[in-house]
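Understanding the architecture of this molecule
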Amino acid sequence: MKLSCGTRFTFLVLFLFAAQSVAVYAGSFHKDVQIHWGDGRGKVRDRDGKLLSLSLDKSSGSGFQSHQEFLYGRAEVQMKLVPGNSAGTVTTFYLKSPGTTWDEIDFEFLGNISGHPYTLHTNVYTRGSGDKEQQFHLWFDPTKNFHTYCITWNPQRIIFTVDGIPIREFKNSESMGVPFPKNQPMRLYASLWEAEHWATRGGLEKTDWSKAPFTAFYRNYNVEGCVWANGKSFCPANAPWFTQKVDLEGQKKMKWAQSKYMVYNYCTDKRRFPKGVPAVCT
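Figured I'd write up the structure that's included with this text.

What counts and what doesn't
Residues numbered from 1 in each chain as written. Predicted model: local features only at pLDDT ≥ 70, side-chain atom pairs only at ≥ 80, totals over all residues. Heavy atoms only, no water. 1 Å grid on protein atoms, 1.4 Å probe; cavity = no way out; pocket = protein on both sides within 12 Å on 5 of 7 lines; lining within 4 Å. Points joined across faces, edges and corners; volume = space filled by probe spheres on them. Helix = DSSP H or I, 4+ residues; strand = E, 2+ residues; numbered from the N terminus. Nonpolar A, V, L, I, M, F, W, Y, C, P; charged D, E, K, R; others polar. Buried < 20%, exposed > 50% of the residue type's maximum accessible area, 1.4 Å probe, protein only. Pairing = 2+ DSSP bridges.

**Quick word on empty space enclosed by the protein**
One pass over the structure, following the stated rule, counts one cavity of 30 Å³ or more. Roughly 40 Å³ of volume is contained in the largest cavity. Forming the walls of the largest cavity are Phe70, Tyr72, Gly73, Arg74, Ala75, Leu95, Trp153, Leu188 and Val223. Top element by residues in the lining of the largest cavity is strand E5 (residues 62-80). It accounts for five residues. Its residues placed into classes, the lining of the largest cavity shows seven nonpolar, one polar and one charged.

**Brief notes about the pairing of strand E11 (residues 157-162)**
Within E11, six of the six residues are buried, which leaves the element mostly enclosed by the surrounding structure. Alternating positions in E11 separate into two faces, Arg157, Ile159 and Thr161 on one and Ile158, Phe160 and Val162 on the other, with burial throughout. Relative to E11, strand E10 (residues 147-153) runs antiparallel, the two being bridged by five bridges. Of the residues in E11, the one forming a bridge with Trp153 is Ile158. Where E10 hands over to E11, the hairpin turn is made up of three residues, counted between the paired strands. Relative to strand E12 (residues 165-171), E11 runs antiparallel, the two sharing six bridges. Across the sheet, Ile159 pairs through a bridge with Glu169, a residue of E12. Where E11 folds back onto E12 in an antiparallel hairpin, the turn is made up of two residues, including Asp163, whose phi is positive at roughly 50 degrees.

See the structure below:
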């Protein structure tokens, strides 16, 4: 079929519009993020922008943020955490909106003294309210090699995965009175900072600054999402992550991870919720 000049022009306009509406990043730290704090402690380590490091010393930590904001998407990165005595340090990869009634979806890695495991802390905030923590110990040493961490956020659910294994599914339960982040575009952030007053055993283990600087590495940053621009976000229903859910095989893997490696679940914390744990927990 031969297309007229007018038809070809129309197809080109539609193609360019779609390309602007949906961002699919192969991922470059040079192009896609800004190291927005740390006074030189955050560094892109290679020409192609595939590897970035964040460092922490007694004066400051460091962090980066995405240039774009997203309303729904899939964010993935590989990380290698601070080795050795990392007590008091927190290494993060998360989504967050601005303001005092913000939304947020968290991966936070709480350091520990040598020979003791990291705690992977997950949480979901809606309109400034969190209190939905689930924590895990990992089935590997996250300081020896890079491992893949992914947040999938769509209108139906938020899925946290580690090396392709779902560890948590936070479902949209608005119909049952549980708020769900759906209205505020979020930016991607990562950071390495000090929180010795709470991060390790509730603050019992302090940061050993003689081991500083502490350094964590990020590589293969990849975002597929709906860019928020001019007050709008265009999110096509045919993007796989937009309707993604945890299938039967994924449910089995998630049950395995939660039964063997979950160390805290707000849904079962009766001491914290003496009047009754939340009726709907995900």
